[in-house]
Amino acid sequence: MTANTRLLGVDYGTVRIGLAVSDADRKIASPLTTYTRRNKELDGKYFQEVVAEEAIGEIVLGLPIHLAGHEGQKAHEARAFGKWLHEATGLLIVFWDERFTTVEAENSLLAAGLTSKRRKARRDRVAAQILLQSYLDAGCPGEQSLGPLGR
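Residues numbered from 1 in each chain as written. Predicted model: local features only at pLDDT ≥ 70, side-chain atom pairs only at ≥ 80, totals over all residues. Heavy atoms only, no water.

Trainee: Just to check I follow, could you spell out the packing of helix α1 (residues 40-53) against helix α2 (residues 73-89) for this structure?
Mentor: A pair of packed helices is captured by two measures, namely the crossing angle of their axes and the spacing between those axes. Running from amino to carboxyl end, α1 crosses α2 at an angle of 65°, the nearest separation of the two axes being 9 Å. Classified by chirality, the crossing of α2 by α1 is right-handed. Packed against α1, whose contacting residues are K40, D43, G44, F47, Q48 and V51, the element α2 presents F81, W84, L85, A88 and T89 at the interface. Residue classes in the contact of α1 with α2 are distributed as six nonpolar, three polar and two charged. (Axes fitted to C-alpha atoms, helices over the stretch in contact; angles between N-to-C directions. Helix = DSSP H or I, 4+ residues; strand = E, 2+ residues; numbered from the N terminus. Left-handed = near helix turned anticlockwise from the far one by under 90°. Contact = heavy atoms within 4.5 Å. Nonpolar A, V, L, I, M, F, W, Y, C, P; charged D, E, K, R; others polar.)

Trainee: Mind showing me how you'd approach the sheet that holds strand β4 (residues 56-63) here?
Mentor: The pairing of strands in a sheet happens through backbone hydrogen bonds and is either parallel or antiparallel. The mixed open sheet is built from five strands, whose spatial order is β3-β2-β1-β4-β5. Unpaired on one side and paired on the other, β3 (29-36) and β5 (93-97) mark the two borders of the sheet. Strand-to-strand twist of the sheet, defined as the mean angle between neighbouring strand axes without regard to direction, takes the value 25°. Direction of pairing for strand β1 (residues 6-11) relative to β4: parallel, over a ladder of five bridges. Pairing of V10 across the sheet is with L61, part of β4. Together, β1, β2 (16-22), β3 and β4 form the strand contacts of α1, whose direction differs from that of β3 by roughly 160°. Packed onto the sheet, α2 meets β1, β2, β4 and β5 and runs at close to 165° relative to β4. (Pairing = 2+ DSSP bridges.)

Trainee: Sorry, what's going on with the nonpolar core here?
Mentor: Side chains that are nonpolar tend, in soluble globular proteins, to be buried together. In terms of nonpolar packing, the biggest core is built from 23 residues, with L8, V10, F47, I56, I59, F81 and L85 touching the most fellow members. Counting residues per element, the ones that place at least two in this core are β1, β2, α1, β4 and α2. With six residues, α2 is the single largest residue contributor to this core. Not counting residues within four places of it along the chain, the set of residues in contact with L8 comprises L19, A20, V21, L32, F47, V50, I56, E58, I59, V60 and L132. Within the second largest apolar cluster, 12 residues are counted, among which are A20, L131, Y135 and C140. (Core = buried A, V, L, I, M, F, W, Y, C linked by side-chain atoms within 4.5 Å. Buried < 20%, exposed > 50% of the residue type's maximum accessible area, 1.4 Å probe, protein only.)

This is how it looks when you write it as structure tokens:
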């Protein structure tokens with residue numbers, strides 16, 4: 001990962017995918033958009049464009065972990081999507097626990113007084129923002145294994 005690249009937060013879904021981006025200093029996450037999936041070819045082109053346009057250097061993908069801490073079917077689907085996303089973009093994919101991000105996003109949107117229709121339109125991208133901000137607040141631990149030792 002190079003300096004001044006941003007991170008892309010991804011809230012994976014089988015129909016809609018919420019996206020958020022960090023600033024270049026990797027301090028603040030902002031919602032970007034909600035992408036409606038089409039097919040692998042069009043989805044791959046879309047993610048390649050986002051990576052280029054937003055100067056993305058790494059992708060943080062939400063991993064739905066059960067409350068007890070184990071991975072279920074949705075986590076396996078997210079891991080398969082992450083593998084595909086790596087192949088489509090060539091970027092490192094970091095999986096990050098996304099427990100409660102959608103609930104937190106919904107609560108924030110409710111508190112903002114948005115209608116059900118407006119909440120639905122924004123929920124996935126706000127969940128991606130919450131996921132990415134959590135990763136940023138943790139110090140981007142996926143970065144710890146990158147680069148030579150002793151620097």
